[in-house]
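Tertiary structure, described
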Amino acid sequence: MTEQLPAGAQEWAIETRGMTRRFGDFVAVDQLDLRIPHKTIYGFLGPNGCGKSTSMRLITGLLTPSAGSIRVLGMEIPEQTELLRRRLGYMTQKFSLYDDLTVLENLRFMAQIYNIDSRRAKQLIESQLGRYQLDERKGRLAGTLSGGQRQRLALAAATLHQPELLILDEPTSAVDPENRRDFWEKLFDLCDSGTTILVSTHYMDEAERCHGLAIMESGAKRADGSPAQLMRELGAKVVEVDGENLRLLKQQLGELPEVVSTAQQGTHLRVLVTDTIDDPETWLRTAHPELVTNRQIRAVRPSLEDVFVHCTGNNAAKGEGTRQ
Amino acid sequence: MNALSQSLQRIGAIVFKELRQLTRDRPTFGMVVMVPLIQLLLFGFAINTNVRDLPVGVVDLSHTQTGRELVSDLTATQIVTFTRTYQTPKQAEDAIRRGQVHAVLVIPVDFGQRLQDRRPIAQWMIDGSDTVVGNALLALQQMPFSSGFETQPVVRNNTFEMALFFNPERRSAVNIVPGLVAIVLTMTMVMFTSAALVRERERGNLELLITTPVQSSEIMIGKIVPYIFVGLIQVTIILGLGHVIFDVPVNGRLDQLALGVFAFISASLTLGLLVSTVAKTQLQAMQLTVFLLIPSILLSGFMFPYEGMPKAAQWIAEALPATHFIRMVRAIVLRGATLEDLQPDLWWLIGFTVLGVVAAASRFKKRLD
């Protein structure tokens, strides 16, 4: 860019202010403010129906916002949606290439749709086939591929025109863990070569890989920041309690006002205690000795799941988890 | 007994689930009501094999009062309505070829003389390309007529001499085959295009496609073009086999026919596109196609003559591309007419296509809301 831009105009790859979308009475996305830097992987983490997909569709211009403003790659959305299309790659939740075309035919089709000239298209397709290990399957119908192969094909097609921004809507929901790891390797490669990636997920391990993260629930953002920052700034402390009869203990602890949540993990119970208690172990030992006699208590580092649990559900109403 | 009641309960669960789904699928539910309703109305009112008020012309070479009486007697039968007057039999023949009138009554110069002897008193020139129309007019052959001046009643076998043009043997294949082109094309063209777009939506392809630089009009045109070729192949099969097997003549010029077919295919595909912007599933697209197909078969003049239908049914028929095409294809194939003769129908099809594509493209927003 040689022209002079107003300060900060290109600072964010995606910037939304008060982005809202209503379907009748239902508010799918509520006053969402996002600032996503260039060349990072940014994640939407949230349960199904929390407004992840709707937010992505608003950002790609597939839906018109009911209120608020959206800027993507310096373009006003939805007004400049058509301009954005050439610089955007989009991978839908459901496999959306043609089942009855072969891998090669699908890629050729996408190359033509993006007006890539045929010589260059040939090179690009060749390199995509290699990069996404589809070389040996290029003659197969897309409908006959396995989940992981389809996913790679979808990513190859979405990045064929070398978009600056890649939007992935729950890309790994139908993929086994190994393929998921491979898939994320590819995303990091893309990010390193300068692509901004927005990805939605409901897997904690995936969310933890993102540079930045927005935890969403009921169309609103409950928390955002880098995973490390979110875990560090969690407004609660975490202890693990061992011993017998964990079901009963879970119920008893759950009734205490200082306990944010409890979850059984194998042979121990993971307990989130509010920040107002300085040392949860001492507190448990002194205030409720009858519950924790003969049990081991161990303070542990908060995980992203703890952050998620703390920010969503009834806990969010306590206001502790909401942070800007 | 217990097993039976359990079984009944399970059946009941499925029955109610099915009904609930049906009521939530609005277009399908609409079809449940609309199909019998429309069929009943079409069969009950519109379809009337007793043809009335056929538009016909007259060439009165005798210029006599009795000639005018003959015309008014014929009008009184309600089978025909005299809408045109021509100066010469040649003009009259052209008018029939163009489809302006279905028949022309020629009252000869020696009309007065003929009233006195046993010869037929006048001649009907009839367009035989629609057999139902032809049959209705043939019924007039022995209509009694006397001027009142005869000294004694003249007994004659036939009042009129009948000249049946274009299909003198009155073979129904000659009439049906060109019409079939319209019906088959309506069915396949509308179904193909409507299903083609809906299928992409159902499979999720469309969500990807609309995030690319493709324009809606480009999607629309891209969907139409391949089926134009499909349509041309179908027409070739129908008319080719019709000619070989049923000896149906192709009297008109083939280039004219191809142009007419092209206009109709485009209009039908446009109709399919419009369907696809309404239908959400392939099943709905199929139902809407059938919904359009029924009037195309019953009202277009394929089975029953257009003139036999009440005004309201004629208005509906005018809205269907098939009606216009059936007029054109019969005129070109059987009567050797040219597109110049058929301009209103041709322009109607072109206009429908243009407006339809615009409407479909504007309805089909590259948006999901």
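Computed from a prediction, not measured in an experiment: that's the story for all the values here.

The helix and strand tally for chain A stands at 12 helices and 14 strands. Each of the three principal axes of chain A carries a C-alpha extent, and together these read 75 × 45 × 40 Å. Long-range contacts, defined as pairs at least 24 residues apart, comprise 67% of the intrachain contacts of chain A with a sequence gap of at least 6.

Turning our eyes to something else, we now look at the overall build of chain B. Broken down by element type, chain B carries 14 helices and 5 strands. Computed over its C-alpha atoms, the radius of gyration of chain B comes to 26 Å, more than 25% above the 21 Å expected for a compact globule of 369 residues. The dimensions of chain B, computed from C-alpha atoms along their principal axes, are 90 × 60 × 40 Å. Expressed as a percentage of its 369 residues, the buried residues of chain B come to 40%.

Attention now goes to the domain arrangement of chain B. Residues and elements named next belong to chain B. Here chain B is partitioned into domain 1 (54–165) and domain 2 (172–363). Mapped by element, the contributors of at least two residues to the side of domain 1 that touches domain 2 are strand 1 (54–60), helix 4 (89–98) and helix 6 (131–138). Broken down by element, the residue count for the side of domain 1 that touches domain 2 peaks at 3 residues, all from helix 6. Its residues assigned to classes, the side of domain 1 that touches domain 2 comprises 4 nonpolar, 3 polar and 4 charged.

Our next topic: the interface of chain B and chain A. Opposite the 13 residues of chain B that make contact, chain A presents 17 residues. Taken together, the residues of the side of chain B that touches chain A sort by class into 5 nonpolar, 4 polar and 4 charged.

What follows concerns the domain arrangement of chain A. Domain parsing of chain A yields domain 1 (12–230) and domain 2 (235–301). Using only C-alpha atoms to locate each centre, domain 1 of chain A and domain 2 of chain A end up separated by 40 Å.

To continue, consider the nonpolar core. Grouped together as the largest cluster of nonpolar side chains are 82 residues, with contacts concentrated most on Leu153, Ala157, Ile167 and Ile215 of chain A. Sort the elements by how many residues they give to this core and helix 5 (residues 147–158) of chain A lands first, with 6 residues. Not counting the four nearest positions on each side in its chain, Ile215 of chain A is found in contact with Leu45, Gly46, Arg222, Ala223, Asp224, Val307, Phe308, Cys311 and Thr312 of chain A. Grouped together as the second largest cluster of nonpolar side chains are 61 residues, Tyr227, Ala267, Phe302 and Ile332 of chain B included.

Attention now moves to the sheet that holds strand 3 (residues 103–107) of chain B. Residues and elements named next belong to chain B. Reading across from one edge, 2-1-3-4-5 is the order of the 5 strands in this open sheet, with mixed pairing throughout. Every interior strand has two partners, whereas the edge strands, strand 2 (80–85) and strand 5 (160–165), have only one. The average undirected angle you get between the axes of adjacent strands in this sheet is 30°. Relative to strand 3, strand 1 runs parallel, the two sharing 5 bridges. Bridge assignment links Asp60 to a residue of strand 3, and that residue is Ile107.

Another aspect to go through is unusual backbone geometry. At the junction of Ile77 of chain A and Pro78 of chain A, the peptide bond is cis and its omega measures out at 10° in the coordinates. Mapped onto the elements, Pro78 of chain A comes out in the loop between strand 5 (75–77) and helix 2 (81–85). Even without being glycine, Gln78 of chain B reaches a positive phi, approximately 65°. Checked against the element boundaries, Gln78 of chain B lands in the loop between helix 3 (65–76) and strand 2.

Here we come to the pairing of strand 13 (residues 268–274) of chain A. All names here are of chain A. A large share of strand 13 lies buried, amounting to 5 of its 7 residues. Taken together, the 7 bridges between strand 11 (residues 236–242) and strand 13 define a ladder with antiparallel strand orientation. When the bridges of strand 13 are listed, Val239 appears paired with Val271. Joining the antiparallel neighbours strand 12 (residues 259–265) and strand 13 is a turn of 2 residues, in which Gly266 adopts a positive phi near 65°.

Moving on, we get to the pairing of strand 1 (residues 12–23) of chain A. The two faces of a sheet get side chains in turn, since along a regular strand they alternate between them. All names here are of chain A. Sheet topology note: the strand 1/strand 2 (residues 26–37) ladder contains 8 bridges and is antiparallel. The partner of Phe23 across the bridge, within strand 2, is Phe26. Remark: 2 residues form the turn of the hairpin made by strand 1 and strand 2, two consecutive strands paired antiparallel; Gly24 in that turn has positive phi of roughly 65°.

In this section: the confidence of the model for chain B. Reading predicted coordinates in detail is not appropriate for stretches of low pLDDT. Averaged over chain B, the pLDDT score is 84; the fraction of residues at 70 or greater is 93%. For chain B, per-element mean pLDDT is lowest for helix 2 (residues 26–46) of chain B, which scores 69, and highest for strand 3 of chain B, which scores 92.

This brings us to helix 9 (residues 216–246) of chain B. Between its terminal C-alpha atoms helix 9 of chain B stretches 44 Å, which fits the 45 Å expected from 31 residues at 1.5 Å a residue. Close packing links the buried residues of helix 9 of chain B with helix 7 (172–203), helix 8 (205–209), helix 10 (254–278) and helix 14 (343–363) of chain B.

Attention shifts here to the environment of Thr92 of chain A. If you trace the backbone, Thr92 of chain A turns up in the loop between strand 6 (88–91) and helix 3 (103–113). Under the C-beta neighbour-count criterion, Thr92 of chain A is labelled buried, with 24 such atoms within 10 Å. Along the backbone, Thr92 of chain A and Ser53 of chain A are 39 residues apart, and their C-alpha atoms lie at a distance of 9.1 Å. Excluding anything up to four places from it in sequence, Thr92 of chain A contacts Asp169 of chain A together with Gly204, Glu207 and Leu208 of chain B.

Turning our attention to the packing of helix 10 of chain B against helix 13 (residues 321–335) of chain B. Residue and element names in this part refer to chain B. It is at 10 Å that the axes of helix 10 and helix 13 come closest, and there the two elements cross at 170°. Between helix 10 and helix 13, the interaxial angle falls into the category roughly antiparallel. Residues Gln256, Leu257, Gly260, Phe264, Ala267, Ser268 and Leu271 of helix 10 form the contact with helix 13, whose own contacting residues are Pro321, Phe325, Met328, Val329, Ile332 and Val333. Partitioning the contact of helix 10 with helix 13 into residue classes produces 10 nonpolar, 3 polar and no charged.

Residue and element names in this part refer to chain B. Two elements in contact, helix 9 and helix 10, have axes whose closest approach is 9 Å; the angle formed by their N-to-C orientations is 135°. Judged by the angle between their axes, helix 9 and helix 10 are oblique. Considering how the two elements wind past one another, helix 9 and helix 10 form a crossing that is right-handed. Contacts from Met220, Lys223, Ile224, Tyr227, Ile228, Gly231, Leu232 and Val235 in helix 9 reach Val261, Ile265, Ser266, Leu269 and Leu273 in helix 10. Along the lines of polarity and charge, the residues of the contact of helix 9 with helix 10 split into 10 nonpolar, 2 polar and 1 charged.

Residue and element names in this part refer to chain A. Pairing is mixed in the open sheet, where 6 strands are placed in the order 6-7-8-3-9-10. Since the sheet does not close on itself, it has two edges, and those belong to strand 6 and strand 10 (220–225), each with one partner. For this sheet the average axis-to-axis angle between neighbouring strands, irrespective of direction, equals 15°. With 5 bridges connecting them, strand 3 (residues 41–45) and strand 8 (residues 196–201) associate as parallel partners. Bridging from a neighbouring strand, Ile41 pairs with Ile197 of strand 8. Across the sheet, helix 5 is in contact with strand 6 and strand 7 (165–168); its angle to strand 6 comes to roughly 160°.

Procedures and definitions
- Residues numbered from 1 in each chain as written.
- Chains lettered and ligands numbered in written order.
- Predicted model: local features only at pLDDT ≥ 70, side-chain atom pairs only at ≥ 80, totals over all residues.
- Helix = DSSP H or I, 4+ residues; strand = E, 2+ residues; numbered from the N terminus.
- Contact = placed C-beta atoms within 7 Å.
- Rg over C-alpha atoms; globule rule 2.2 N^0.38 Å.
- Buried ≥ 20, exposed ≤ 12 C-beta atoms within 10 Å, placed from the backbone.
- Domains from an automatic or database assignment.
- Nonpolar A, V, L, I, M, F, W, Y, C, P; charged D, E, K, R; others polar.
- Core = buried A, V, L, I, M, F, W, Y, C linked by C-beta atoms within 7 Å.
- Pairing = 2+ DSSP bridges.
- Axes fitted to C-alpha atoms, helices over the stretch in contact; angles between N-to-C directions.
- pLDDT = per-residue confidence, 0-100.
- Expected span 1.5 Å × (residues − 1).
- Parallel < 35°, antiparallel > 145°, perpendicular 65-115°, else oblique.
- Left-handed = near helix turned anticlockwise from the far one by under 90°.

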